[in-house]
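Descriptive analysis of the structure
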Amino acid sequence: MLEDYIRQRTEERGILLMAHVVVGYPDLESSFDLVKAIVSAGVDLMELQIPFSEPIADGPVILKANQSALTAGIRVDDCFKFAHRVTQSFDIPFLFMTYCNIVFKHGEEQFFAQAKEAGIVGTIVPDIPPEEGTSYLAAAAAHGIDPIFILSPTTTPERLAYLAGFGRGFFYCVARKGITGAKTTFSSELDEFLGRCRRVTQLPLALGFGVSRKEDVDFLKGKVEVAVVGSQALRILNTNGVEAVEDFFRRLR
Amino acid sequence: MERPGYYGQFGGTFIPEILVATFDQLRAAFEGIKKDPSFWKEYQSLMSTYSCRPTPLTYSENLTRHFNGPHFYIKREDLNHTGAHKLNNVMGQGLVVQRMGKSRVIAETGAGQHGVATATMAAKFGFECTIYMGEVDMARQRPNVFWMEQLGATVVRVTDGDRILKDAINEALRDWATNMDTTHYVLGTVCGPHPYPEMVSYFQSIIGSEARDQIVRQAGRLPKRVYACVGGGSNALGIFSGFLDDTQVDSVRDPSDNHSGILRVKVSNGVELVGVEAGGEGLETRRHASRLASVHGSVGVAQGYKTYFLQDDDGQMLETHSVAAGLDYIGVSPILAAYYEQGIVRFEAATNDEVLAATRLTMKKEGIIPALESSHALACAFRETPQMSADDVILINLSGRGDKDIFTIADALGDEGWKEFITTKAEAYSA
Ligand SMILES: Cc1ncc(COP(=O)(O)O)c(C=O)c1O
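Residues numbered from 1 in each chain as written. Chains lettered and ligands numbered in written order. Predicted model: local features only at pLDDT ≥ 70, side-chain atom pairs only at ≥ 80, totals over all residues. Heavy atoms only, no water.

If you tally the helices and strands in chain A, you get 12 helices and nine strands. A compact globule built from 253 residues would reach a C-alpha radius of gyration of about 18 Å, and chain A, at 17 Å, matches this within 12%. Projecting the C-alpha coordinates of chain A onto the three principal axes gives extents of approximately 45 × 40 × 30 Å. Burial statistics for chain A: of 253 residues in total, 62% are counted as buried. Across chain A, contacts joining residues at least 24 apart in sequence account for 72% of those joining residues at least 6 apart. Accessible surface, chain A as shown: approximately 9,700 Å² in total, 50% of it carbon and sulfur. For chain A, the distance from the average position of its 26 positive side-chain charges to the average position of its 32 negative side-chain charges is 4 Å. (Helix = DSSP H or I, 4+ residues; strand = E, 2+ residues; numbered from the N terminus. Rg over C-alpha atoms; globule rule 2.2 N^0.38 Å. Buried < 20%, exposed > 50% of the residue type's maximum accessible area, 1.4 Å probe, protein only. Contact = heavy atoms within 4.5 Å. Areas by Shrake-Rupley, 256 points an atom, 1.4 Å probe, with all protein chains shown as cover. Lys, Arg positive; Asp, Glu negative; His and termini not counted. Charge placed at Lys NZ, Arg CZ, Asp CG, Glu CD.)

The structure is reproduced here in structure tokens:
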């Protein structure tokens, strides 16, 4: 179970790292090599993003990777096959990250059935708030996959309590306003936000958006269980290649 | 009971958590103005002193004679300040922004009409203004870019995706997710997450309520059909809203029968509402933007709401095509999607060629230069004249004027004098 895995592993490692990979960027074989490199660098969890043509919550770096994967012809079924291959090959939990329409068009039941078969343990879908997610939640529960919800610094205390009721696995806290890929100043404001989150849930917390340096991960140690690294790794991939990404993750913690 | 923000199975609020509080605030502000009896008066007064409301209803006797009937009545939204119905929505939202105490507005634009309207509103109300516009649309609507900048707006070129309207919406949403404390997103049509479809149609309903009064007064009766072009659907819902109680839907198509059959709607004595989408190069070429009139649209969720989209079977959005930038969009209002399934509105498509011919005829016969978007409504009405009798009355919503389309129309008509002028001008600049 995702929650137990995170708790045990946090005891051993202090803080966990979750990486993010856009499936099929720049192509499926390269994505596999990237996953392999990241896993061997000791990363503890991984999000596999199924590309979507309108990724409204993503900034320019991840957006371009989505588009380029789609232009290269990646299909949703390729992503399921890819997930199956990596979950068979590597012994860390993998989650799907994507947008509502991918799940909706596939059929929620079918999506979760195939995700389960592929060995996926959780899903992150930023444009499905629980109010719109009745059938999504039911399908996830039926297949024993954890739907991960997002908590944001703009979320009111009442709504944090409401969202806490839908928590499975962990919560994904976003460090600031905006989209993926921009700079974040890690400050005491963040501590207050994380305090508000802790007050409503016992589940582990992951923190993402703007985590890009060892200093950021050090700052987060003891504050959250998981640090999420997305755009920065992709930037390094684009400029310096897959070995540089592996090296980056090795030095991050 | 239907959930708020839902129209049948369509609509909803599919937004990232970071924007939830902002939408709560907007919904509350909109509920506030709906309940405030002085608001609509303030809005009407603003629109009659700053724009030209009520816009006239023109009896087009030359077109009527040309086609041997029906009687053509044209609702003149082209006579709004800034040249299109877009201002109705924008000024309404401007008043909402004032009430929320925000200081900056952002907007997407396709044809540039909504961008110009928003930049105008921002200038008048003293807001900072940023407009997102796809690179492709900037190239085909350059004059509007010029005016937006002159009006004080920053125009941001969107180079991601297909570089058209949908991509501009994505960028505006990203800006908003960062700057919501100071910023309001002035969405330009009846799409997007709740409360936009409801709020924008609320402001645009001013078209329909005027038009119904006017046609009853001027023609002495209700129209047999009302035609409007449909991009997102705001001018269409605006005019249709005045006639919803006058429609009679006798039999409704089976909603599970997605696109497979002809709409089984029989309208006996009621007003028939006709929405005209962009047929582009022809539905059979797949190079079009007809979500409902073609068999290529299907239900999906994107840009925060559920409706019919032009998408592939994986849910990836398709490229759309139209000579009219303002109709070149993947989705359609969730309210219109519901009316489609309920048989309340009939959807048709007009091709680029039909649209250019209709533009030409309207200029020559009536001395009116329609926007290419609006010409879709004209083209469909022209095509259907044989189905009507000489003394039927029809109403066409002329959503905007065509000055902005001068480059596109001149190209399409192959106007040599214009080409020569541009060439000379270009030479002078490069000298
Ligand atoms: C003149 C004109 N008509 C129609 C439209 C299409 O929008 P809607 O369907 O929301 O009326 C536009 C959009 O830019 C426009 O500029």
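Read on for the rest.
Here we come to the layout of surface pockets. In this structure, the largest pocket occupies an estimated 600 Å³ of space. Along the wall of the largest pocket there are 46 residues; nearest its centre are Arg176, Ile179, Thr180, Gly181 and Phe209 of chain A. When contributions to the lining of the largest pocket are tallied by element, the ones reaching two or more residues are strand S7 (171-174), strand S9 (226-229) and helix H11 (231-240) of chain A together with helix H8 (165-179) of chain B. When grouped by side-chain class, the residues that make up the lining of the largest pocket number 24 nonpolar, 13 polar and nine charged. (1 Å grid on protein atoms, 1.4 Å probe; cavity = no way out; pocket = protein on both sides within 12 Å on 5 of 7 lines; lining within 4 Å. Points joined across faces, edges and corners; volume = space filled by probe spheres on them. Nonpolar A, V, L, I, M, F, W, Y, C, P; charged D, E, K, R; others polar.)

What follows is about the site of the ligand. Residues and elements named next belong to chain B. In the vicinity of the ligand, 18 residues are found, and the nearest of them are Thr189, Gly231, Gly233, Ser234 and Ser399. One of the side-chain N or O atoms of threonine 189 is found 2.6 Å from an oxygen atom in the ligand. For the ligand, whose unbound accessible area comes to 390 Å², protein coverage reaches 97%. Here the ligand is seated within the largest cavity. When grouped by side-chain class, the residues that make up the shell around the ligand number five nonpolar, 11 polar and two charged. No fewer than three residues from each of domain 1 (16-51 + 85-196) and domain 2 (57-82 + 206-411) sit in the shell around the ligand. (Near = heavy atom within 4 Å. Polar contact = N/O pair within 3.5 Å; in protein donor to acceptor, adjacent residues only side chain to side chain. Sits in = over half its atoms within 2 Å of the grid points. Domains from an automatic or database assignment.)

This part covers helix H7 (residues 142-150) of chain B. Residue and element names in this part refer to chain B. Listing the buried residues of H7 in full gives Asn144, Val145 and Met148. Angularly, the buried residues of H7 cover 105° about the axis, an arc narrow enough to put them on a single face. Following H7 by one or two positions, glycine 152 has its phi on the positive side, about 100°. (Arc of directions from axis to C-beta.)

Time to look at the interface of chain B and chain A. Taken together, the contact pairs 37 residues of chain B with 37 residues of chain A. For the pair chain B and chain A, the summed buried area comes to about 3,000 Å², and 50% of that belongs to carbon and sulfur atoms. Linking chain B with chain A are seven salt bridges, by the criterion used here. Between aspartate 314 of chain B and arginine 75 of chain A there is a salt bridge, and its shortest N-O distance comes to 3.4 Å. Where chain B meets chain A, there are 25 residue pairs in polar contact (both at pLDDT 80 or more). Of all elements in the fold, only helix H1 (20-35), H8 and strand S11 (297-302) of chain B reach the threshold of two or more residues within the side of chain B that touches chain A. (Buried area = accessible area lost by both parts, 1.4 Å probe. Salt bridge = Lys/Arg side-chain N within 4 Å of Asp/Glu carboxyl O.)

With that settled, the discussion passes to the nonpolar core. Counting 197 residues, the largest nonpolar core has Val35, Met46, Leu48, Phe94, Leu207 and Phe249 of chain A together with Trp176 of chain B as its most contacted members. In terms of residues, this core owes the most to one element, helix H9 (residues 196-219) of chain B, which gives nine residues. Composition of this core by domain shows at least three residues from each of domain 1 (16-51 + 85-196) and domain 2 (57-82 + 206-411) of chain B. Counting 30 residues, the second largest nonpolar core, distinct from the first, contains Phe72, Ile368, Cys380 and Ile409 of chain B. (Core = buried A, V, L, I, M, F, W, Y, C linked by side-chain atoms within 4.5 Å.)

Residue and element names in this part refer to chain B. A cluster of nonpolar residues, Phe146, Trp147 and Leu151, forms a patch on the protein surface that exposes about 290 Å² of accessible area. For phenylalanine 146, the location among the structural elements is in helix H7. A relative accessible area of 38% places phenylalanine 146 in the partly exposed class. (Patch = residues over 30% accessible without salt bridge, like charges linked within 9 Å, V, L, I, M, F, W, Y side chains within 5 Å.)

Moving on: the sheet that holds strand S6 (residues 128-134) of chain B. Residue and element names in this part refer to chain B. Across the sheet, four strands lie side by side as S7-S6-S5-S8; this open sheet has parallel pairing. Whereas interior strands pair on both sides, the edge strands pair on one side only; in this sheet they are strand S7 (154-158) and strand S8 (183-185). Strand-to-strand twist across the sheet, computed as the mean angle between neighbouring axes with direction ignored, equals 20°. Of the pairings in the sheet, the one linking S6 to S7 comprises five bridges and is parallel in character. The residue of S7 that forms the bridge with methionine 133 is arginine 157. (Pairing = 2+ DSSP bridges. Axes fitted to C-alpha atoms, helices over the stretch in contact; angles between N-to-C directions.)

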